[in-house]
Amino acid sequence: ELLSTQGKNPVANWRLSGASHIKKVFDKDVKSYVYTLEGGSHTRMQIPKDDKEPLFLVQPFVVFQLFVPQGAAFSVELTISDAKSNKRRLLLSSALSSRGHTANPLHARISLNALRRNTWVNLCLDVESLVAD
């Protein structure tokens, strides 16, 4: 698990930008604590804290459990290194137009306009496919 609400300080390894807009709250629908990020594009959670440090994930998939309110912008940015240490940046964002897809071997911008709103969803990324040659 990359992020959990359990434990003494579950975000100890995360860099929080706009920390006053990041709150741990109880959600009745999922019957658990969740993190809410409000306050606009400057509110971010980043792991690892240091941009230069690798995370060393080996799982083939990364799943984000999300609840994005209607009208709210949402984005996820991943920097992935393949076996040859080539870095690839992937930006998924609801702020991009549905025609705004751009890609080259090291960078991709993908629209999340189809993301369902006002309901919990699982955003599943096949990391192995993203870094495959």
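Only a predicted model underlies this, so the values are computations on that prediction, with no experimental measurement involved. (Residues numbered from 1 in each chain as written. Predicted model: local features only at pLDDT ≥ 70, side-chain atom pairs only at ≥ 80, totals over all residues. Heavy atoms only, no water.)

(A) Layout of the pairing of strand β9 (residues 107-111). By the bridge criterion, five bridges tie strand β7 (residues 87-93) to β9 in an arrangement that is parallel. Residue pairing for β9: Ser 93 is matched across the bridge by Ser 111. (Pairing = 2+ DSSP bridges. Helix = DSSP H or I, 4+ residues; strand = E, 2+ residues; numbered from the N terminus.)

(B) Summary view of the nonpolar core. By size, the foremost hydrophobic cluster in this structure holds 16 residues, and its most contacted members are Leu 66, Phe 74, Leu 78, Leu 112 and Leu 115. Each residue touching Phe 74, except ones within four places of it in the same chain, is listed here: Leu 66, Val 68, Leu 92, Ser 93, Ser 94, Ala 95, Leu 112 and Leu 115. (Core = buried A, V, L, I, M, F, W, Y, C linked by side-chain atoms within 4.5 Å. Buried < 20%, exposed > 50% of the residue type's maximum accessible area, 1.4 Å probe, protein only. Contact = heavy atoms within 4.5 Å.)

(C) Main features of the sheet that holds strand β8 (residues 102-104). In space, the four strands of this open sheet follow the order β6-β7-β9-β8, with mixed pairing throughout. With one partner strand each, in any of the chains shown, β6 (75-81) and β8 form the two edges of the open sheet. Averaged over all pairs of adjacent strands, the angle between strand axes in this sheet comes to 15°, irrespective of strand direction. (Axes fitted to C-alpha atoms, helices over the stretch in contact; angles between N-to-C directions.)

(D) Spatial organisation of the environment of Pro 69. One can find Pro 69 in the loop between β5 (61-67) and β6. Considered as a pair, Pro 69 and Thr 119 are 50 residues apart in the sequence and their alpha carbons are 7.9 Å apart.

(E) Quick look at the packing of aromatic side chains. Considering all chains together, one arrives at two aromatic pairs under this definition. Ring geometry for Phe 26 versus Tyr 33: centroids 5.4 Å apart, planes at 80°, classification edge-to-face. We classify Phe 26 as partly exposed; its relative accessible area is 48%. What makes Tyr 33 partly exposed here is its relative accessible area of 42%. Above the plane of the ring of Tyr 33 lies Lys 24, whose end atom (NZ or CZ) is 5.4 Å from the centre. (Phe/Tyr/Trp six-rings, centres within 6.5 Å; stacked < 30°, edge-to-face > 60°. Lys NZ or Arg CZ within 6 Å of the ring centre and 35° of its normal.)

(F) Layout of the side chain of Ser 111. Residue position: Ser 111 is located in strand β9. Among the polar contacts listed, one links the side chain of Ser 111 to the backbone oxygen of Leu 96, at a separation of 3.1 Å. With near-sequence residues (within four places) excluded, Ser 111 lies in contact with Ser 93, Leu 96, Ser 97, Ser 98 and His 101. (Polar contact = N/O pair within 3.5 Å; in protein donor to acceptor, adjacent residues only side chain to side chain.)

(G) Looking closely at the pattern of salt bridges. Enumeration over the complete set of coordinates arrives at two salt bridges. Between Arg 15 and Asp 51 there is a salt bridge, with its nearest N and O atoms 3.8 Å apart. With Arg 15 in strand β1 (residues 15-17) and Asp 51 in the loop between β4 (44-46) and β5, this pair connects stretches of sequence that are 36 residues apart. Exposure remark for Asp 51: the relative accessible area of 52% places this residue in the exposed category. With its nearest N and O atoms 2.7 Å apart, the salt bridge here joins Glu 77 to Arg 89. Note that Glu 77 is positioned in strand β6 and Arg 89 in strand β7, a separation of twelve residues in sequence. With relative accessibility at 46%, the residue Glu 77 sits in the partly exposed group. (Salt bridge = Lys/Arg side-chain N within 4 Å of Asp/Glu carboxyl O.)

(H) Unusual backbone geometry, seen in detail. In this structure, Pro 48 follows Ile 47 across a cis peptide bond, with omega equal to -10°. The residue Pro 48 is located in the loop between β4 and β5 in this model. At Ser 85, a residue that is not glycine, the phi angle is positive and equals roughly 65°. In this fold, Ser 85 is placed in the loop between β6 and β7. With phi around 60°, Asn 118 is a residue other than glycine that occupies positive phi space.

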